[in-house]
Amino acid sequence: MKTYSSITKGNSRRSFLKAKFLWLFLLIAVIILGLIFPWLISRVSAFVLYPFHITSTWVKSSDGIIPLYLRSRANLVKELETIRKEQATKTGTQTSIQRLLEENMQLRSLTKSDQISERLTARVLDRPNSLPNDLIQIDQGSDHGVVVGAPVYNGIDGVVGLVIYTTNKYSFVDLFTSPGFLSTAYVMGANVFAPLEGVGGGIARVKLPQGVSIQVGQLVILPGISTAIYGEIVSVQNEPTQPEQYGYLAPSQAINSLFYVTVGPETILNQDVTTFEAEMRERVRQATNTSFNNNATTSAALNTEVESEVE
Amino acid sequence: MKIYWQLIFLLLITWLLVAGLPLVALALVLFYLFYLRGYELILIGILIDGYYHYFYEWPVFSLAMLSIVILANLIKPHLLMYNGHNEMVKKEKIPNP
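Here's what I pulled together on the structure shown here. Chains are numbered independently. Their residues run from 1 in the order of the written sequence. Think of it this way: whatever chain is written first is A, whatever ligand is written first is 1, and the rest follow in order. Where totals are concerned, whole chains, interfaces and linings use all residues; where local detail is concerned, this predicted model gives features only for residues with pLDDT of at least 70, and gives and counts side-chain atom pairs only at 80 or more.

Secondary structure assignment for chain B yields 4 helices and 0 strands. Numbering of helices and strands starts at the N terminus; helices are DSSP runs of H or I of at least 4 residues and strands are runs of E of at least 2. Each helix and strand of chain B, ordered N terminal to C terminal, gives the series α-α-α-α. To sort residues by exposure, count the other C-beta atoms lying within 10 Å of each residue's C-beta; 20 or more gives buried, 12 or fewer gives exposed, and values between give partly exposed, all with C-beta atoms placed from the backbone. A buried classification covers 29% of the 97 residues belonging to chain B. Once C-beta atoms are placed from the backbone, any two residues with those atoms within 7 Å are in contact. Considering only contacts in chain B between residues 6 or more positions apart, those separated by 24 or more positions represent 37%.

The structure is reproduced here in structure tokens:
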């Protein structure tokens, strides 16, 4: 029994292919027609797609509950994506910082300028909440090599303060945030030197004139030591009516949570400020005298010229 | 795919393209092409080009739809798990000699 006809099958297949290509040719013809008469297709499209246009406009700009929900959801998703990107960038930056730090340490060790290994490790015995005047007490004294004026660090380069008093067995450290502490600091980013003064309560501030751009997050370093950071600016007080502005900074770690610190091998107060100032004044005076002598010489020469002309 | 699903898909694709979400529309287009030949998608592409006045420059959507449809119809027979008689194709295990 014959169940199929090869002729019929062939015919149906041929007709199917024919219909398929007919459709394709028709559509391509419409595209060509659109290229020749673009205005015609545009008008037809505007008419056919009008309901779609209306609904999409409604979703995009209506104040209805559903469109509003959809829009806020879309905004939240976008915000989430932005935060994720930021997070990824931050992680990358952290890795870069770590790599640079490692590289820096290696280079320092190569140039023999690494003093970190020479530092003394000390344990903090007492903290500002039990000691007056924002001091900390450490368990290393002059017997261990601690000298007055030595910088005290938290971590690799975070300066906590300076040793102000030492006994055989223990020492006191004046924090840079202690009231009355004065130092010169360098503000990275703004690239200016500024006086730093302790305010107390774990806060110090740098005073700058108006017009200098300081921002939250800028590092403030102790310029006298190659690896010493006071901290970063956590707040800026800028009142346009005042002649100066303040950048408040806090140490990287709360003083109350300090347990171990390291003490630098030598004092940074090698030269007495008074002596330095006197020396500087003397140099300025000498320079002025030289200038005056030059002028005197010049004026004497001029006088001689004038006299010779008169004669 | 039933005819009403087909209609829903076509309407949704058109709406997405009008609303300016071509990537979402592309996903639906690919899904649609998996089940059907999808010549009607070229018509949608032509309408969208007309809507955005792309016929004054280059009919991007029409050409893209045309390419996608032709390409999908060329590739599809090689991806199907059924042969021409609607039977599952499976590899016979070759007995070890």
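There's more to say after this.
Between chain B and chain A, the contact holds 17 residues from the first and 20 residues from the second. Put simply, the parts of the chain that give the side of chain B that touches chain A at least two residues each are helix 1 (3-19) and helix 3 (40-51) of chain B. Counting residues per element, the side of chain B that touches chain A draws most heavily on helix 3 of chain B, at 7 residues. Residue classes in the side of chain B that touches chain A are distributed as 12 nonpolar, 4 polar and 1 charged. Nonpolar residues are Ala, Val, Leu, Ile, Met, Phe, Trp, Tyr, Cys and Pro. Charged residues are Asp, Glu, Lys and Arg, and all others, Gly as well, are polar.

This paragraph deals with the nonpolar core. Residues and elements named next belong to chain A. Core analysis: the biggest nonpolar cluster contains 33 residues, and Y230 and V261 have the highest contact counts within it. Ranked by residues supplied to this core, first place goes to strand 4 (residues 158-166) with 4 residues. Discounting residues that sit within four places of it in the chain, V261 has contacts with A122, V124, I138, V152, Y153, N154 and V160. In this usage, the nonpolar core is the set of buried Ala, Val, Leu, Ile, Met, Phe, Trp, Tyr and Cys residues whose C-beta atoms join them within 7 Å.

What follows concerns helix 3 of chain B. Residues and elements named next belong to chain B. For helix 3, with 12 residues, the first-to-last C-alpha span of 17 Å sits near the 16 Å given by 1.5 Å per residue. Among the 12 residues of helix 3, 10 are classified as buried, and the element is accordingly described as predominantly covered. All buried positions along helix 3 are accounted for by L41, I42, I44, G45, I46, L47, I48, D49, G50 and Y51. Immediately downstream of helix 3, the backbone of H53 shows phi near 60°, a positive value. Every helix has an expected span of 1.5 Å times one less than the residues it contains.

Moving on, we come to the environment of A:Y153. All names here are of chain A. The residue Y153 is located in strand 3 (residues 151-154) in this model. Judged by the 21 C-beta atoms lying within 10 Å of it, Y153 is buried. Taking the C-alpha atoms as reference points, Y153 and V263, separated by 110 residues in sequence, lie 6.2 Å from one another. In this view, Y153 contacts R119, G158, V159, V160, V261, T262 and G264; residues no more than four positions away in its chain are not counted.

Let's shift gears to the environment of A:G200. Residues and elements named next belong to chain A. Within the secondary structure layout, G200 lies in the loop between strand 7 (192-198) and strand 8 (204-209). On the neighbour-count criterion, G200 (15 C-beta atoms within 10 Å) is partly exposed. When the C-alpha positions of G200 and L175 are compared, they lie 8.9 Å apart, and in sequence the two are 25 residues distant. When residues no more than four places from it in sequence are discounted, the contact partners of G200 are D134, T177, S178 and P179.

Honestly, that's just the spatial picture; any functional story needs more than this.
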